[in-house]
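Examination of the molecular architecture
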Amino acid sequence: MNINKNPFADIPDFYRGKKIFITGHTGFKGSWLCKILSEFNANAAGYSLEPPTKPYNLFEISNAGQSIKNITGDIRDYTSLKNAFDDFQPEIVIHMAAQPIVRESYKNPAYTYEVNTIGTVNILECVRNNTCVKSFLNVTTDKVYKNREWFYGYRENEELDGYDPYSNSKSCSELITHSYARSFFNNHNVRISTARAGNVIGGGDFSIDRIIPDCVRAMMKHEKIAVRNPYSIRPYQHVLEPLFVYLMIAAAQYNNSDCSGSYNVGPNESDCISTGELADLFIKHWQDGAAWENLSLNNDNYHEANFLKLDCSKLKSVFNWRPRWNIDQAVQKTVEWTKIWLSGGDVNQCMSEQIKKFLKES
């Protein structure tokens, strides 16, 4: 394949005017994706529930809904989804709708499975029953693998068997996608991939049970940051890293079926750090007397993996890709956005500038 030295170089031109359908566009990742596609003048539609966090959410703060066709609906409701899909007739589909919180999946396992598995079936049925789609990408998670607490990164051919209901439902979503690809799309008229991303951070994340949003909430209350699992190691990366990879994969397979497959999307190994180390980086960039405390002794009994890394050599080999911002830069960009927001500044301009800087550094 003729892959550019910079694999993102042609992405803005490719997406200009393209009809792209996004599920889960009102979430943190989805809002950033809407902003990117707006910058590229894509013709985008989003299908999702109302923004998942209150009183703050990036979708409303950034006015992301103004730049796309915004459709409110439940991914579990096939009739509603199909009506929206049939009306828009997309060329490219990026499926991100999910119940994404591990601890929430213990509290509401049935709902988690419904959203993450039936939702995947529903969007694939829409693709199967239309002739408009050329490229489909299912966004899953690094937690789809059977976690053996290995010190090396999981590869795409490792066993899929997530432990908790969230991780396991995402493993199921992967298997559903593979089955549809083999059963209905073997003629390559629709190119299908899955992307297994690590933990993302960035400006505008207000999710529960995530370390950076917890840091931000603590700063807003002038409190110490409560760190639940300070020694758990995760592959942290800025949200722009996986989003540009999603766009890269979807564009590449649109033109070349050989690019279809499953891909890990994570940082370099040096940026797989503990939650405590991430909190230290946040404090370094925030300053103003920020500090954290260890709440692991007060932890509940929910199981979470202690050690998780991804091997991204396949993505690097196929696309000549590499991560752009290291974890220190990712935290700095996150703090930058947050301080602009808290001071009443222009977060849209901040997001645009960060997107342009990311592309320039690629």
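Whatever comes next refers back to the structure up there.
Residues numbered from 1 in each chain as written. Predicted model: local features only at pLDDT ≥ 70, side-chain atom pairs only at ≥ 80, totals over all residues. Heavy atoms only, no water.

What follows is about the environment of Ala330. With respect to the element layout, Ala330 can be found in helix H12 (residues 327-342). Linking Ala330 and Val200, residues 130 residues apart in sequence, is a C-alpha distance of 9.3 Å. The residues touching Ala330, leaving out its near neighbours within four places in the chain, are Ile201 and His238. (Helix = DSSP H or I, 4+ residues; strand = E, 2+ residues; numbered from the N terminus. Contact = heavy atoms within 4.5 Å.)

A few words now on unusual backbone geometry. For the peptide bond that leads from Lys54 to Pro55, omega is 5°, which places it in the cis range. With respect to the element layout, Pro55 can be found in the loop between strand E2 (43-48) and helix H3 (58-61). If you check the backbone angles, Asn41 has positive phi at about 60° while not being a glycine. Within the secondary structure, Asn41 is located in the loop between helix H2 (28-39) and E2. With phi around 55°, Asn320 is a residue other than glycine that occupies positive phi space. Mapped onto the fold, Asn320 is located in the loop between helix H11 (313-319) and H12.

The side chains of a regular strand alternate between both faces of the sheet. Burial runs high along E2: 5 of the 6 residues are buried. Where the polypeptide runs from strand E1 (residues 19-23) across H2 and back to E2, its parallel neighbour, the crossover connection is right-handed. Direction of pairing for E2 relative to strand E3 (residues 69-72): parallel, over a ladder of 4 bridges. If you follow Ala45 over to E3, its bridge partner there is Lys69. (Buried < 20%, exposed > 50% of the residue type's maximum accessible area, 1.4 Å probe, protein only. Right-handed = clockwise from strand over helix to strand, strands pointing away. Pairing = 2+ DSSP bridges.)

Let's shift gears to the side chain of Ser193. Positionally, Ser193 belongs in strand E6 (residues 191-197). Note on Ser193: relative accessible area 1%, which makes it buried. In terms of polar contacts, Ser193 uses its side chain to reach the side chain of Gln253, at 2.6 Å. Engagement of the side chain of Ser193 in a polar contact is seen with the backbone nitrogen of Gly261, the distance being 2.9 Å. The contacts of Ser193, once residues within four sequence positions are left out, are Phe136, Leu137, Asn138, Ile249, Gln253, Cys259, Ser260, Gly261 and Tyr263. (Polar contact = N/O pair within 3.5 Å; in protein donor to acceptor, adjacent residues only side chain to side chain.)

Function cannot be inferred from these measures alone, as they are strictly geometric.
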